[in-house]
Amino acid sequence: MLQLNVKNETSRLRAVVLGSALNNGPTPTKEEAYDPKSLEHIIAGTYPIEEDMVQEMEAFNKVFQKYDVQVFRPEMIENYNQIFTRDIGFVIDDVFVKANILPDRNRELDAIQYVLDQINPAKIVRPPEEVHIEGGDVMLWNDYIFIGTYKGSDYKDYITARTNMQGVQYIKDLFPNKIVKEFDLVKSKLEARDNALHLDCCFQPVGKDKGIIYKSGFREEADYVYLVDLFGKENLFHITRDEMYHMNSNVFSIDTNVVVSEKNFTRLNNWLREQGFTVEEIPYAEIAKQEGLLRCSTLPLIRD
């Protein structure tokens, strides 16, 4: 049996579900796009091809092998995008929460059933239907659970609004001893540079006391100030609108001093090294065209 344990984003990783780009299916139509960035690349004819994405994910897998991390991959579903495992579930402490994702994507959970079968069934929960919550919006920081949401009255009109306030309340009820703080995120159906699809598109902790942040990803300045007060401004790396678009905050930590990052994130990677991190650089720019990056394609199961 897998003894789940995830309390933060950065402790030494032992087991993870890494997505797969195999048999990813044809380029979606404009009508099938889930987010403005994918739409942009579909229209431009620059949507990523399967071969390139498979190579990028294999580079990520090699880093996990280097650090002796146990890696699970989803079982292959033909002509189906299974890259972003973070959306389909997440672990808090020793509980696996199945996400209520977009209905088109339910089969992705079936593809990791063999992993769920290795978990104590009493530790697997699925929220009721009205609760919307995805793993990209759920960020653990020891006693804190940060959750990205969208509080606008037009929530239902936004395919990019993925976690609702019922989702926030569900986590509060499930983990009464944690400090659960929600963040109201900026959403756009049309402009990827103004769309924080999930919380990890505009914020993520690294190490023990640092973080990467995009101020304009928050609808309320008070939410941004909350994080500045908690982490200290000197410990936060502020990214630009363009860096947010390229997903600079969506890196992935294997340990408190090891960060996997995209090789083109020069400014960020230099800052991380200055702070004493080992930066494992890999190519991931093709996958980024679908408005997801390294954190999005992982589902951590066990950390120290």
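Everything quoted here is computed from the prediction, not taken from an experiment.

A few words now on the sheet that holds strand β4 (residues 95-98). In spatial order, the strands read β3-β4-β5; together these 3 strands make up an open sheet with mixed pairing. In this open sheet, the two strands that pair with only one neighbour each are β3 (89-92) and β5 (124-125). Sheet analysis places β3 next to β4, joined by 4 bridges and oriented antiparallel. Residue pairing across strands places I92 opposite V95, the latter belonging to β4.

This next bit is on the side chain of Q204. Take Q204: it is sitting in strand β9 (residues 203-206). Of note is the side chain of Q204, whose polar atom sits 2.7 Å from the backbone oxygen of S249. For Q204, the residues in contact, after removing those within four places along its chain, are E9, M139, G211, I212, S249, N250, V251 and R295.

What follows covers the pairing of strand β15 (residues 298-303). On a regular strand, one side chain projects to one face of the sheet and the next to the other, so that they alternate. In terms of burial, β15 is a largely internal element, 6 of the 6 residues being buried. Direction of pairing for strand β1 (residues 13-18) relative to β15: antiparallel, over a ladder of 5 bridges. Residue pairing across strands places V16 opposite P300, the latter belonging to β15.

Our focus in this paragraph is the sheet that holds β15. Strand pairing in a sheet is mediated by backbone hydrogen bonds. Such pairs are either parallel or antiparallel. Strand order in the open sheet made by the 3 strands is β2-β1-β15, with mixed pairing throughout. Both outer strands of the open sheet, β2 (70-72) and β15, are each paired with one neighbouring strand and no more. Taking the axes of each pair of neighbouring strands and ignoring which way they run, one obtains an average angle of 20° across the sheet. Judged from the 3 bridges that link them, β1 and β2 form a sheet pairing that is parallel. Residue A15 lies in a different strand from β2, and its bridge partner there is Q70.

Moving on, we get to the pattern of salt bridges. Evaluation of the coordinates by the stated rule reveals 15 salt bridges. Across the pair K178 and D93 runs a salt bridge whose closest N-O atoms are separated by 3.2 Å. In this pair, K178 sits in the loop between α5 (165-174) and β8 (179-184) while D93 sits in the loop between β3 and β4, placing the two residues 85 residues apart along the sequence. In this structure, E286 and K289 form a salt bridge, with 3.0 Å as the shortest nitrogen-oxygen distance.

Right, let's talk about empty space enclosed by the protein for a bit. Gaps between atoms show up when a probe of the same size as a water molecule is rolled over them. Across all of its chains, the model carries 2 cavities of 30 Å³ or more by this definition. Estimated volume of the largest cavity: approximately 80 Å³. Taken together, 13 residues make up the lining of the largest cavity; nearest its centre are V6, E9, R86, V91 and L140. Where the lining of the largest cavity is concerned, the elements lending two or more residues are β3, β6 (138-141) and β15. Among the elements that make up the lining of the largest cavity, the one with the highest residue count is β15 (3 residues). Of the residues contributing to the lining of the largest cavity, the split by class is 7 nonpolar, 2 polar and 4 charged.

Moving on to the pairing of β6. Neither face of β6 is open: one carries V138 and L140, the other M139 and W141, and all of them are buried. Pairing of β6 with strand β7 (residues 144-149), which is carried by 4 bridges, proceeds in the antiparallel orientation. Within the sheet, the bridge partner assigned to W141 lies in β7 and is Y144. Linking β6 to β7, which pair antiparallel, is a turn of 2 residues; within it N142 sits at a positive phi near 60°.

Core analysis: the biggest nonpolar cluster contains 58 residues, and F60, F64, F146, L199, F203, F218 and I254 have the highest contact counts within it. Ranked by residue count, the leading element in this core is helix α2 (residues 50-66), at 6 residues. Among all residues touching F146, those that are not within four sequence positions of it are D137, V138, M139, W141, K181, F183, L199, F203, Y226, L227, L230 and F231. Listed in part, the 35 residues of the second largest apolar core include L4, I88, L109 and I145.

Parameters and conventions
Residues numbered from 1 in each chain as written. Predicted model: local features only at pLDDT ≥ 70, side-chain atom pairs only at ≥ 80, totals over all residues. Heavy atoms only, no water. Pairing = 2+ DSSP bridges. Helix = DSSP H or I, 4+ residues; strand = E, 2+ residues; numbered from the N terminus. Polar contact = N/O pair within 3.5 Å; in protein donor to acceptor, adjacent residues only side chain to side chain. Contact = heavy atoms within 4.5 Å. Buried < 20%, exposed > 50% of the residue type's maximum accessible area, 1.4 Å probe, protein only. Axes fitted to C-alpha atoms, helices over the stretch in contact; angles between N-to-C directions. Salt bridge = Lys/Arg side-chain N within 4 Å of Asp/Glu carboxyl O. 1 Å grid on protein atoms, 1.4 Å probe; cavity = no way out; pocket = protein on both sides within 12 Å on 5 of 7 lines; lining within 4 Å. Points joined across faces, edges and corners; volume = space filled by probe spheres on them. Nonpolar A, V, L, I, M, F, W, Y, C, P; charged D, E, K, R; others polar. Core = buried A, V, L, I, M, F, W, Y, C linked by side-chain atoms within 4.5 Å.

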